[in-house]
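This is what each chain is made of:
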There are 2 protein chains.
Amino acid sequence: MLRVLKFGGTSVGTLERIQSVAQIIKKFRDAGDDIVAVVSAMSGETNKLLEYAEHFSKTPNEAEVDMLLSSGERVTSALLSIALNEQGYNTTSMSGREAGIFTTSEHTYARIETIDTANMQNAIKEGKIIIVAGFQGVSVENSRVTTLGRGGSDLTAVALAGALQADLCEIYTDVDGIYTTDPRIEPKAKKLDKISYEEMLELASLGAKVLQNRSVEMAKKLNVNLVSRSSFTPEIEGTLITKEENIMEAPVVSGIALDKNQVRVGMYGVVDKPGIASSIFTALADANINVDMIVQTVGLDNKTNLDFTIPTADVQKATKVMENFKNDSQKIDYNDAICKVSIVGVGMKSHTGVASKAFTALASENINIRIISTSEIKISMIIEEKYAELAVRALHDAYELDK
Amino acid sequence: MLRVLKFGGTSVGTLERIQSVAQIIKKFRDAGDDIVAVVSAMSGETNKLLEYAEHFSKTPNEAEVDMLLSSGERVTSALLSIALNEQGYNTTSMSGREAGIFTTSEHTYARIETIDTANMQNAIKEGKIIIVAGFQGVSVENSRVTTLGRGGSDLTAVALAGALQADLCEIYTDVDGIYTTDPRIEPKAKKLDKISYEEMLELASLGAKVLQNRSVEMAKKLNVNLVSRSSFTPEIEGTLITKEENIMEAPVVSGIALDKNQVRVGMYGVVDKPGIASSIFTALADANINVDMIVQTVGLDNKTNLDFTIPTADVQKATKVMENFKNDSQKIDYNDAICKVSIVGVGMKSHTGVASKAFTALASENINIRIISTSEIKISMIIEEKYAELAVRALHDAYELDK
C-alpha cells in the first residue's frame with residue numbers, strides 16, 4: 001500500500017526527532033509499504049528566517065520571502081533522506097518543483113493548480129522512499145518558487161496523496177488524534193477511531209491544533225483517507241478522517257467543541273424597515289467579518305431584536321460598520337462574556353431528540369442558552385462564558401462520550 | 001557597464017554585513033551599471049548544515065548533501081534581494097537553476113557544463129539587479145541540484161561573467177587585494193594595481209585566501225577581468241587580474257610568495273638503472289602526490305642524488321610509495337624544515353639578471369639555496385625554513401617592491 005506521511009515542525013524539530021521520524025518510516029517500509037513523506041521546516045527555522053527578512057523590510061517582497069522560507073523544508077528533507085539512506089534505505093529528497101507541484105503565482109499564499117506525478121511515480125517504481133519538502137511549489141506562470149501559506153505542508157501531503165491515489169495520508173503532530181472534546185476541559189474525553197470529513201470540519205476547534213480546515217476540505221474533495229496521529233507516540237493508531245459511508249454505525253454525537261472567541265452583538269428595537277437585516281449582514285460581509293449565528297426575535301412589545309455573533313478579533317471593525325446602523329435601532333450592545341458550545345455528529349441526521357437532550361443537560365446545570373442554531377450534523381449554543389467548561393462536561397456526560 | 005560582483009561568507013556573515021553589501025551594490029547601480037551579484041551562504045551556515053548531515057551519516061549521500069547545502073546560498077540571495085528591494089531597487093534572487101547553470105552530475109564537486117543566460121538577460125533587460133545563489137547548479141542529466149565544491153561561489157561568478165560577457169567580475173572578501181608579499185611578513189608589502197592571470201596563478205600562496213586557482217584559471221580561459229577587493233573597505237580599488245597584454249609596463253617582479261608546507265625528499269646514491277627517476281615520479285603521481293621541484297645531481301663520487309619536494313600533507317603517503325624504491329638508493333631522507341620562496345613576474349621574460357639578483361640577495365644574508373627551479377615567469381628556491389621571513393624581506397628589498 002502507498003502511504004503519504006506528513007511530519008510537522010515539532011516532529012522534525014531536532015536531529016533526534018528527525019531520527020525518530022526515520023524509525024517510523026522504516027517500520028512501514030519494512031512491512032512492504034511504499035512511502036512518500038512530506039516534511040516541514042525544523043520548528044523555529046521559519047520564524048528565524050522571517051525575522052531575518054523583517055530586519056530588512058516590514059513588507060518584504062513576497063517572491064523573495066518564498067525563496068527564503070522554502071529553504072527550511074529543503075534542509076529537513078535532505079537530512080531525513082540522509083538518515084534513512086545511512087540505514088540502508090533507498091531514498092531521495094524532492095523539492096516542491098521536483099515533486100511536480102505547480103501552483104498559482106500568489107506568493108506566500110499560492111494555491112496548488114496541478115501535480116505532475118511522473119517524477120514521483122518513477123522514484124516509487126525504482127523502490128525509493130521519497131522525502132518531499134512541504135509547503136512549496138513552483139508557479140505555473142513563471143516557474144519561481146512559491147509557498148502555500150499556513151498549513152501548507154499538510155496541504156502538500158493531502159494533495160500528493162490525492163494525485164498519487166495513496167491509500168492513506170497520515171498527518172503526524174504532537175497530538176495523538178481527535179478527541180470527543182478538549183481533554184484539558186474534560187479528562188474523560190476519548191480519542192475517536194474514525195470521524196467523517198464533515199464532522200471534522202465542524203469540530204475545527206478541537207482539531208485546529210492538529211488539522212486545518214483547508215486540508216480537511218481538500219481531503220474531502222480528493223477523497224483522501226486522512227489520519228491524525230502523533231510522531232511522539234507512533235504506537236498509538238490515531239484518528240481516521242474519512243467519507244461518512246466508510247464509517248459503520250456512526251455514533252449520534254462524535255464530539256463537543258468549544259469556541260470562546262465569539263462576541264454576541266445585540267440590536268434591540270430594530271426599526272420595521274424592509275431589508276434592514278440584509279443590509280446589515282451585507283455590510284459586515286463586505287468588511288470581511290464572518291457572522292456566525294443569527295437570531296431574530298419579536299418581543300411581546302412587538303419590537304424586533306436582532307442577535308448575532310462575530311469573532312472577537314473583528315469587534316472593532318464590526319463596531320465601525322454598525323455605526324452606520326445606529327439610527328435603525330434603540331440600542332446596540334456587544335457582549336464578549338459568551339462562548340459557543342457545539343455538539344457534532346453525523347448520526348444526528350437519523351436520530352431525533354438529540355437537541356432536547358442537550359437543552360435538558362444544560363438546564364439541569366442552570367445554564368441559560370442565549371442563541372441556538374442547528375445544521376444537519378451540528379447544534380451550536382451561545383451561553384455565558386463562565387459556564388463554558390461546565391457545559392462541555394455536562395454535554396460530554398449526557399451523550400456518554402466517555403463510553 | 002555590466003558588473004558581476006561576488007560576496008563570500010564573511011561579506012554576508014551577519015544581517016548588518018548583508019546591509020553593507022546592499023550599499024556597495026546600490027552605489028554601482030546608482031552610477032548606471034547593470035549588476036549580477038553572486039552570494040555565498042552566511043559564514044558558519046554551511047558548516048552547521050554539514051554537521052547536521054554528519055549527525056546521521058559519516059558519508060552522507062552526496063546528492064542529498066547538495067540539496068542540503070544549496071539552501072544556504074538561497075537564503076542569502078533572498079535576504080540581499082529583500083534588502084535592496086526595500087530601498088526602492090528592482091531586484092530578483094535566482095537559484096543556480098534559475099540562473100541557468102547546468103553542471104555535470106558529480107554531486108558536491110560538479111563542474112559547470114553550460115550556462116543558459118536567457119533568464120538573466122531578460123531580468124537585466126527589465127532593469128533588475130540579479131542576486132544569484134552561488135556554489136550551485138543543476139545536473140544536465142537528471143536536473144537535480146548540484147554544488148560546485150570549494151571556491152564554488154567564485155567559480156559561479158567567473159562563469160556568469162564569462163557567459164554574460166561582463167566588463168568586470170569583482171570578488172569581494174575581507175582582504176583588499178593582492179600584495180607584493182604577505183604583509184604579516186613584510187610590512188612594507190604594497191597592494192598591486194594589476195597583475196596577469198599567469199602571475200596570479202604562480203602567486204597562489206599570496207592569493208590563496210582570496211582567490212582559488214580554479215577561479216583564476218577559468219577567468220583566464222573565459223577572458224574575464226577579475227578584481228580582488230574587500231567588502232569591508234569598498235572605497236579601496238583592489239587588484240585587477242587580467243590578460244598580460246592589458247598590463248602596460250609590467251614590472252620585472254610582481255611579488256614574492258612563500259610556501260612553508262613543503263617537504264624535501266632526498267635520495268642519495270641512486271643506482272644507475274635506466275628510467276629509475278621516471279618510475280619513482282610515476283608511482284608518486286599514481287598516489288596523487290604533487291611533486292613540485294626536482295633536481296638530479298651527480299656528485300664528485302660519481303653517485304647520483306635525487307632531490308624533490310612534496311606537500312607536507314602527503315609525507316605519509318609518499319613514505320609508503322618510496323618503500324618500493326628503498327633498494328634503489330643508499331639512503332632516503334625527509335626534511336620538513338625547509339620552505340619555498342618564489343619570485344614571480346611576467347617582466348622576467350624580457351629581462352636578464354633577475355635570478356642572479358635573488359641569489360645575491362640571499363647570499364648576502366648567508367642563506368643557502370638547496371634547490372632552484374625556474375619557469376618563464378617564476379624563480380623558486382628551497383631554503384632552510386628558519387630563514388623564510390628573512391629571505392622574503394631581503395628579496396622584497398632587492399626588487400624594490402615597496403617603491
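Residues numbered from 1 in each chain as written. Chains lettered and ligands numbered in written order. Predicted model: local features only at pLDDT ≥ 70, side-chain atom pairs only at ≥ 80, totals over all residues.

Visitor: Which residues make up the sheet that holds strand 14 (residues 262-270) of chain B, and what are the values?
Guide: Residue and element names in this part refer to chain B. An order of 15-16-14-17 is seen for the four strands of this open sheet, with the pairing classed as antiparallel. Edge positions in the sheet fall to strand 15 (294-298) and strand 17 (331-335), since each has one partner strand and no second. When the angles between neighbouring strand axes are averaged without regard to direction, this sheet yields 15 degrees. Here five bridges tie strand 14 to strand 17, and the two strands are oriented antiparallel to one another. Residue Gly266 lies in a different strand from strand 17, and its bridge partner there is Asp333. (Pairing = 2+ DSSP bridges. Helix = DSSP H or I, 4+ residues; strand = E, 2+ residues; numbered from the N terminus. Axes fitted to C-alpha atoms, helices over the stretch in contact; angles between N-to-C directions.)

Visitor: Which residues make up the pairing of strand 20 (residues 378-384) of chain A, and what values go with them?
Guide: A regular strand carries its side chains on alternate faces of the sheet. Residue and element names in this part refer to chain A. Buried residues dominate strand 20, accounting for six of its seven residues. Pairing analysis gives seven bridges linking strand 18 (residues 338-344) to strand 20, with the strands arranged antiparallel. Directly across from Cys339, in strand 20, lies its bridge partner Ile383. Alignment of strand 19 (residues 371-375) against strand 20, held across five bridges, turns out to be antiparallel. In the strand pairing of strand 20, Ile372 is matched with Met381. Counting the residues that bridge the hairpin from strand 19 to strand 20 gives two residues. (Buried ≥ 20, exposed ≤ 12 C-beta atoms within 10 Å, placed from the backbone.)

Visitor: Please provide a residue-by-residue account of the environment of A:Met42, values included.
Guide: Residue and element names in this part refer to chain A. Secondary-structure assignment places Met42 in the loop between strand 2 (34-39) and helix 2 (45-56). Sequence separation of Met42 and Val75 is 33 residues, and the distance between their C-alpha atoms is 8.4 Å. Among residues more than four places away in sequence, those in contact with Met42 are Gly9, Val12, Gly13, Gly72 and Thr76. (Contact = placed C-beta atoms within 7 Å.)

Visitor: Summarise the interface of chain A and chain B; cite the residues concerned and give the values.
Guide: With 24 residues of chain A in contact, the opposing surface of chain B contributes 24 residues. A total of 14 residues in the side of chain A that touches chain B trace back to one element, the largest contributor, which is helix 3 (residues 62-86) of chain A. Residues belonging to the side of chain A that touches chain B are distributed by class as follows: 13 nonpolar, eight polar and three charged. (Nonpolar A, V, L, I, M, F, W, Y, C, P; charged D, E, K, R; others polar.)

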